[in-house]
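Chain by chain, the residues:
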Amino acid sequence: MSTLTLRLKDELLGDYQLQANFSLTIGRAKKNDVVIQDPAVSGHHAKIDPVGDRFVLMDLQSKNGTFVNENLIISHWLKHGDVINIGNHQLVFNQYGSQQIFDDDMEELDKTVIMDTSQHRNMMIKSNPTKSINVVRFWDKGPDQNGEASEQLKTPTPFTSLDDDQPIGVITYLAGGFGKVKLKRKISTIGKHPSSDVVVKGFLVGQTAVTITQKPEGFYLNPISGLAKPKVDGNTVRVPTIIDDLSIIEIGSAKLQFSLEDPKG
């Protein structure tokens, strides 16, 4: 059995059981499974997807970031005892009844953070990420009298945005959907969860089935979850794989074409 315990300082706010067939969403909006009433928490802040006997935590482009054990993450395989910090709250992950023998086979994909509290600033100092972090320093501007962040604060372009001179990846539905989706971030998600950049359907498709990450040498497709394994040009993909212009991606009943577009038109 796997659970999350929500705390605010020393106050216990609730326990949540994780289920093998359902994703758990975390955020300030009332539609989330775990609702955190904290102005530092985004409406849809993070989610946890089941992957076999494991669970993967993913940040949903939140403004103030998601931390695990005081390290900024975008994606993280959860282990027993992990402490997740979201806003001013803590979520402790507990997994009982199964011995964890897995390696950390999913690296943190990218990191970005917007700070406005001394607590988050101290966590950032303690964090020792393996990749560069774009720290936006406007935390000296505190919240207004109602506890909400000032509307005059300007949100900068996040680190996950693409540079103007880099080619843009485009996903075109050939089956299982309609239209085109431009991959405007360095990390894009494909899956059946509504928050995915490219939504595909299918009983065996994972909530986040794959990610597509842009690196200097090209675009990589990385399998994440689901029993329906993705295929690229007819070949099943089980490890991060570079995809070429006009590659065909198959996930469940969906068939997608990946192409490159010049950002300057």
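Anything mentioned here points back to the structure above.
Residues numbered from 1 in each chain as written. Predicted model: local features only at pLDDT ≥ 70, side-chain atom pairs only at ≥ 80, totals over all residues. Heavy atoms only, no water.

Asks: Please clarify how the pattern of salt bridges should be interpreted in this entry.
Replies: If charged atoms from side chains of opposite charge come close, those side chains can pair. Within this structure, the stated rule accounts for 3 salt bridges. A salt bridge links Asp49 to Lys47; its shortest N-O distance comes to 3.6 Å. Side by side, Asp49 and Lys47 carry an identical accessibility label, which is buried. The shortest N-O distance in the salt bridge between Arg185 and Asp197 comes to 2.4 Å. (Salt bridge = Lys/Arg side-chain N within 4 Å of Asp/Glu carboxyl O. Buried < 20%, exposed > 50% of the residue type's maximum accessible area, 1.4 Å probe, protein only.)

Asks: Just checking my understanding: could you explain the pairing of strand β1 (residues 2-8) for this structure?
Replies: The side chains of a regular strand alternate, first on one face of the sheet and then on the other. Taking burial as the measure, the 7 residues of β1 include 5 buried ones, the bulk of the element. By the bridge criterion, 6 bridges tie β1 to strand β11 (residues 89-95) in an arrangement that is antiparallel. Paired with Thr5 across the bridge in β11 is Val92. Both β1 and strand β2 (residues 11-18) contribute to a ladder of 7 bridges, which runs antiparallel. Residue Ser2 lies in a different strand from β2, and its bridge partner there is Leu18. Taking the residues that link successive antiparallel strands as the turn, the β1-β2 hairpin has 2 residues, and the phi of Lys9 there is positive, at about 60°. (Helix = DSSP H or I, 4+ residues; strand = E, 2+ residues; numbered from the N terminus. Pairing = 2+ DSSP bridges.)

Asks: Looking at this model, I keep getting lost on the packing of aromatic side chains. Mind explaining?
Replies: Aromatic ring pairs are reported here in terms of the distance separating the ring centres and the angle at which the planes meet. Inspection of every chain in the model, using the stated rule, returns 2 aromatic pairs. Centroid distance Phe55 to Phe93: 6.2 Å. Interplanar angle 65°. Geometry classified as edge-to-face. Of this pair, Phe55 sits in strand β6 (residues 54-59) while Phe93 is found in strand β11, placing the two residues 38 residues apart along the sequence. Considered together, Phe55 and Phe93 belong to a single accessibility category, that of buried residues. Stacked on the ring of Tyr220, the Lys or Arg Lys215 has its end atom at 5.2 Å from the ring centre. (Phe/Tyr/Trp six-rings, centres within 6.5 Å; stacked < 30°, edge-to-face > 60°. Lys NZ or Arg CZ within 6 Å of the ring centre and 35° of its normal.)

Asks: What is the right way to read the sheet that holds strand β16 (residues 187-191) from this model?
Replies: Hydrogen bonds along the backbone pair up the strands of a sheet, which may run parallel or antiparallel. Pairing is mixed across the open sheet formed by 5 strands, whose spatial order is β17-β16-β18-β19-β22. Looking along the sheet, the strands with just one partner apiece sit at the ends: β17 (198-199) and β22 (241-243). Of the strand pairs in this sheet, strand β19 (residues 218-223) and β22 are connected by 3 bridges, and their pairing is antiparallel. Pairing of Phe219 across the sheet is with Ile243, part of β22.

Asks: Even after reading the chapter, I still don't get the pairing of strand β23 (residues 247-251), so can you show me in this structure?
Replies: Burial along β23 is one-sided: Ser247, Ile249 and Ile251 are buried, while Ile248 and Glu250, pointing the other way, are not. One ladder, built from 2 bridges, connects strand β20 (residues 231-232) with β23; its direction is antiparallel. Among the inter-strand pairings, Lys231 is bridged to a residue of β23, identified as Glu250. Sheet analysis places β23 next to strand β24 (residues 254-261), joined by 5 bridges and oriented antiparallel. Within the sheet, the bridge partner assigned to Ser247 lies in β24 and is Phe258.

Asks: Looking at this structure, how should I read the sheet that holds strand β5 (residues 46-51)?
Replies: Taken together, 5 strands build an open sheet; the order of strands is β4-β3-β5-β6-β9 and the sheet is mixed. Looking at the sheet topology across the chains shown, the edges are occupied by β4 (34-35) and β9 (75-77). As judged from the 3 bridges shared by β6 and β9, these two strands associate in the antiparallel manner. Across the sheet, Met58 pairs through a bridge with Ser75, a residue of β9.

Asks: Looking at this model, I keep getting lost on the nonpolar core. Mind explaining?
Replies: Where a protein is soluble and globular, its nonpolar side chains tend to be buried together. Within the largest apolar cluster, 22 residues are counted, with the highest numbers of intra-cluster contacts made by Val198, Val200, Ile212 and Ile249. Secondary structure elements with two or more residues in this core: β14 (168-175), β15 (180-183), β18 (210-215), β19, β23 and β24. Top element by residues in this core is β24. It accounts for 3 residues. In this view, Val200 contacts Tyr173, Ile190, Gly191, Lys192, Val205, Ile251, Ala254 and Leu256; residues no more than four positions away in its chain are not counted. By size, the runner-up hydrophobic cluster in this structure holds 19 residues, among which are Leu6, Ile73, Ile84 and Leu91. (Core = buried A, V, L, I, M, F, W, Y, C linked by side-chain atoms within 4.5 Å. Contact = heavy atoms within 4.5 Å.)

Asks: Would you take a moment to explain unusual backbone geometry for this structure?
Replies: Most peptide bonds adopt trans geometry, and most residues besides glycine take a negative phi value. Not every positive phi belongs to a glycine, and Lys9 is a case in point at roughly 60°. Mapping Lys9 onto the fold places it in the loop between β1 and β2. A relative accessible area of 73% places Lys9 in the exposed class. Despite not being glycine, Glu70 shows a phi value in the positive range, around 70°.

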